[in-house]
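Descriptive structure summary
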There are 2 protein chains.
Amino acid sequence: MGRWEPNARGRLAEAALELYSERGFEQTTVAEIAKRAGLTERTYFRHYADKREVLFGGSELQDLLVEVIAGVPESTAPIDALAVGLEALAGVFDERRPFARKRQAVIAANPELQERELIKLASLSAALAGALRLRGVPEPAASLTAEVGVAVFKVGFERWITASDDRPMAPVMRELLDGLKAVTAGGDGA
Amino acid sequence: MGRWEPNARGRLAEAALELYSERGFEQTTVAEIAKRAGLTERTYFRHYADKREVLFGGSELQDLLVEVIAGVPESTAPIDALAVGLEALAGVFDERRPFARKRQAVIAANPELQERELIKLASLSAALAGALRLRGVPEPAASLTAEVGVAVFKVGFERWITASDDRPMAPVMRELLDGLKAVTAGGDGA
């Protein structure tokens with residue numbers, strides 16, 4: 001990550017996404033991604049463990065979520081801490097909507113990438129549960145809240161990425177959390 | 001599935017689980033599984049698409065869940081229909097606790113099997129959302145309820161499988177649904 005490779009991670013991700021969109025995931029090699037980004041294969045593997053990981057940005061989102069949850073005032077209820085965390089994630093995605101849309105099309109076309117995505121979400125849930133336990137939330141509430149958080153994130157992401165307008169993600173997440181409260185309270189979902 | 005192969009599916013699953021436990025998933029071949037079950041490789045592939053699928057029983061759980069949800073009285077709230085579905089799944093697992101425990105140890109030791117499990121859960125969620133939409137539950141409530149259902153199932157399964165006593169799964173699920181209501185209503189999880 002020396003200064004002769006400014007933003008190598010981002011350049012590699014952009015190059016990979018371009019190539020995966022043009023030729024397909026299977027037909028692209030790491031050497032080609034590195035070349036397109038003006039970097040070497042060695043640099044690629046310093047940043048990403050394999051061909052899939054470049055689309056998932058390592059543990060960036062997870063780290064952000066854990067940090068944000070840790071910073072929420074102690075008296076905040078778990079579900080409200082979760083809401084703050086989801087809002088922070090939404091901010092990241094809103095900055096990258098075109099990238100996110102293109103990326104989602106690539107993932108939708110490849111079962112291996114879908115598997116990696118599910119693993120990332122499971123890992124996000126585990127990290128979130130850990131962050132909630134650190135705040136003193138007992139089990140099973142910590143794991144439940146974390147799983148529910150990922151559930152809301154999945155549904156919200158899907159709605160945001162397929163929306164015909166450019167509505168930001170944060171209000172989508174807030175609406176879903178309200179919808180969740182209504183549904184768990186026994187509402188009919190309407 | 002002729003009468004000369006009674007319970008081929010179950011026998012193959014038992015044989016696979018034994019071999020995966022004894023030698024590890026990677027070290028076991030389909031030929032060995034078929035042999036241990038007293039069946040042929042051809043029969044194996046008539047029942048399961050690959051070496052992983054034998055541990056996941058095809059779409060059995062998903063079909064059960066969809067059927068149960070479809071049979072719940074129309075006036076039932078989505079969250080209560082979900083509760084009935086989870087109870088039905090719990091019944092299946094309680095009948096197979098030793099198998100489920102052994103199976104979980106094998107899955108925990110192998111990332112490929114963990115991936116397949118996550119895919120099965122994602123597919124369970126999609127089927128559940130579909131069953132709820134068929135009952136007239138609108139979106140996003142149907143997807144939210146389905147994702148939340150899978151979230152509760154995951155946490156409940158983990159608690160049930162690691163419990164030191166032989167407590168059945170149904171009351172575990174009921175407690176978690178109550179916990180979920182408390183958490184989403186802004187409780188502190190205690």
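Residues numbered from 1 in each chain as written. Chains lettered and ligands numbered in written order. Predicted model: local features only at pLDDT ≥ 70, side-chain atom pairs only at ≥ 80, totals over all residues. Heavy atoms only, no water.

Chain A is annotated in an unreviewed UniProt entry as TetR family transcriptional regulator of Streptomyces sp. gb1(2016).

Expressed as a screw transformation, the operator carrying chain A onto chain B has a rotation angle of 180° and an axial translation of 0.0 Å, and the superposed copies differ by an RMSD of 0.0 Å. The symmetry that links the two subunits is that of a two-fold axis. When the interface residues of chain A are mapped onto chain B, 100% of them are again interface residues, pointing to one common binding face. (Least-squares fit on C-alpha atoms with pLDDT ≥ 70 in both. Contact = heavy atoms within 4.5 Å.)

As a further point, take the interface of chain A and chain B. Tallying the contact residues gives 34 residues for chain A and 34 residues for chain B. The interface formed by chain A and chain B contains four salt bridges. The closest approach of N and O atoms between A:Lys154 and B:Glu147, which form a salt bridge, is 3.5 Å. At the boundary of chain A and chain B, one finds one residue pair in polar contact (both at pLDDT 80 or more). Contributions of two or more residues to the side of chain A that touches chain B are made by helix 5 (78–94), helix 7 (111–134), helix 8 (141–162) and helix 9 (169–184) of chain A. Looking at the side of chain A that touches chain B element by element, the count peaks at eleven residues for helix 8 of chain A. Tallied by class, the residues present in the side of chain A that touches chain B amount to 19 nonpolar, seven polar and eight charged. (Salt bridge = Lys/Arg side-chain N within 4 Å of Asp/Glu carboxyl O. Polar contact = N/O pair within 3.5 Å; in protein donor to acceptor, adjacent residues only side chain to side chain. Helix = DSSP H or I, 4+ residues; strand = E, 2+ residues; numbered from the N terminus. Nonpolar A, V, L, I, M, F, W, Y, C, P; charged D, E, K, R; others polar.)

Residue and element names in this part refer to chain B. Between its first and last C-alpha atoms helix 7 (residues 111–134) spans 35 Å; for 24 residues at 1.5 Å apiece the expected length is 34 Å, and the two agree. Capping the start of helix 7 is the job of one residue whose side-chain oxygen sits 2.9 Å from the backbone nitrogen of Glu 112: Asn 110. Note on helix 7: the residue one or two positions beyond its end, Gly 136, has a positive phi of about 95°. (Expected span 1.5 Å × (residues − 1).)

Judged by nonpolar contacts, the single largest core of 76 residues is most densely connected at A:Val152, A:Phe153, A:Met169, B:Val152 and B:Phe153. Setting aside its immediate chain neighbours within four residues, B:Phe153 contacts B:Leu86, B:Leu89, B:Phe93, B:Leu121 and B:Met173. Counting residues in hydrophobic clusters, the runner-up holds 22 residues, among them B:Leu39, B:Tyr48, B:Leu55 and B:Leu113. (Core = buried A, V, L, I, M, F, W, Y, C linked by side-chain atoms within 4.5 Å. Buried < 20%, exposed > 50% of the residue type's maximum accessible area, 1.4 Å probe, protein only.)

The next thing to look at is the UniProt feature "DNA-binding region" (unreviewed entry) in chain A. The UniProt feature table records "DNA-binding region" (unreviewed entry) at residues 29–48 of chain A. Segment residues 29–48 of chain A splits into 70% helix and 0% strand. End C-alpha atoms: 13 Å apart. (UniProt positions renumbered as here; feature names shortened; annotations may be inferred.)

Residues and elements named next belong to chain A. Scanning the entire structure with this criterion turns up 16 aromatic pairs over all chains. When the centroid spacing of 6.0 Å and the interplanar angle of 35° are considered together, the rings of Phe 153 and Phe 157 count as tilted. Here Phe 157 and Phe 153 lie together in helix 8, a separation of four residues that amounts to about one turn. Exposure remark for Phe 153: the relative accessible area of 7% places this residue in the buried category. With relative accessibility at 8%, the residue Phe 157 sits in the buried group. (Phe/Tyr/Trp six-rings, centres within 6.5 Å; stacked < 30°, edge-to-face > 60°.)

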